[in-house]
Amino acid sequence: MAPKLSAGEKVCWFCVLTGALMVGGPCLYPDAFEWNGGQYAMGMVGLLIALSAFVSVFFFRVRRKGRETLTSPSAKLLAHWTYSPSEWAAFVGEDFEREQKIKWGLFRIVASFCLVIGGIFWVLDPDKGGPWVFGVMLSLVLVIMGVIVIGTRVSKKSRSGMAPEVRIADNGLLLGEELHLWKGWSACLEACDLVEGQPPCIEFVYSTPAKNRRQINSVRVPIPTDCDAEAAGIVAHFVGKLTAPS
């Protein structure tokens, strides 16, 4: 039986096919694609699309297999917790407030730089490009503000509608519908610790490859009532793996 492709894999294969057609069209039907050299530019763009999408297929495949492993009836899980509606609501609310605090803190820094730079241009060149630069910087600040407001609210609404459960394994976890993997594609678990709060959580910190450095990601898993000892055992398990000699 053929595996069921994820939405990401389907989109990538569609892009691969589209890119291949953009490359092959001018070669197979040169008369139909005679655009004064534009066909060559189309071919180069198609080649870039096809190659990028083809590589991305394997990334989404790893994530699909990771999800299937965590949801399989025979999965070797370290924990499978379910939450009462009140526990899940408390977690979603606290996580929303924490995310807002972090993002608005970064926003104040970015907005200050943008407005100061725009103000300097306005002072130095008030009759020509200065006001335009300030306007662009102000627009950027407003766009970032909108992204934060909309993004955090969408995230909260999405989490509120998820199944109130978590599945934790050695290679990652599934929190509601959110998949976090720290094995494969050079991902690496960096830290695991207990975090106080209402409710208390286990915080997993992992890194993934980025353009010039590693991107740090973190996810908090709420600890259900009467599962404190089990949570401590999970943290000890991961800390032991992190501190074990390689």
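Look up a bit, the structure's there.
Remember, predicted model here, so these are calculated numbers, not experimental data.

K.L.:
Run through the sheet that holds strand E6 (residues 201-209), naming residues and quoting values.
P.N.:
The three strands lie next to each other as E5-E6-E7, forming an open sheet whose pairing is antiparallel. Each of the sheet's edge strands pairs with one partner strand only, and the pair in question is strand E5 (188-195) and strand E7 (214-222). The mean inter-strand angle of the sheet, taken between neighbouring strand axes irrespective of direction, is 20°. Bridge analysis of E5 against E6 gives seven bridges, and the strand direction is antiparallel. In the strand pairing of E6, Leu189 is matched with Tyr206.

K.L.:
Which residues make up the packing of aromatic side chains, and what are the values?
P.N.:
Two descriptors summarise a pair of aromatic rings, namely the distance from one centre to the other and the angle between the planes of the rings. This model, assessed by the stated rule, comprises eleven aromatic pairs. With 5.2 Å between their ring centres and 85° between their planes, Phe54 and Phe58 make a pair best called edge-to-face. In this pair, Phe54 and Phe58 both sit in helix H2 (residues 38-71), four residues apart, roughly one turn of the helix. Residue Phe58 is classed as partly exposed on the basis of its relative accessible area of 35%. Note on Trp104 and Phe107: the rings are 5.2 Å apart at their centroids and 90° apart in plane angle, and the pair reads as edge-to-face. With Trp104 and Phe107 both in helix H3 (residues 85-124) and three residues apart, this pair spans about one turn of that helix. Trp104 gets classed as partly exposed once you look at its relative accessible area, which sits at 23%. The exposure class assigned to Phe107 is buried, which follows from its relative accessible area of 10%.

K.L.:
Explain the environment of Val110 to me, and be specific about the residues and the numbers.
P.N.:
The residue Val110 is located in helix H3 in this model. Taking the relative accessible area as the measure of exposure, Val110 reaches 37% and is therefore partly exposed. Linking Val110 and Phe91, residues 19 residues apart in sequence, is a C-alpha distance of 29 Å.

Cut-offs and rules
- Residues numbered from 1 in each chain as written.
- Predicted model: local features only at pLDDT ≥ 70, side-chain atom pairs only at ≥ 80, totals over all residues.
- Heavy atoms only, no water.
- Pairing = 2+ DSSP bridges.
- Helix = DSSP H or I, 4+ residues; strand = E, 2+ residues; numbered from the N terminus.
- Axes fitted to C-alpha atoms, helices over the stretch in contact; angles between N-to-C directions.
- Phe/Tyr/Trp six-rings, centres within 6.5 Å; stacked < 30°, edge-to-face > 60°.
- Buried < 20%, exposed > 50% of the residue type's maximum accessible area, 1.4 Å probe, protein only.

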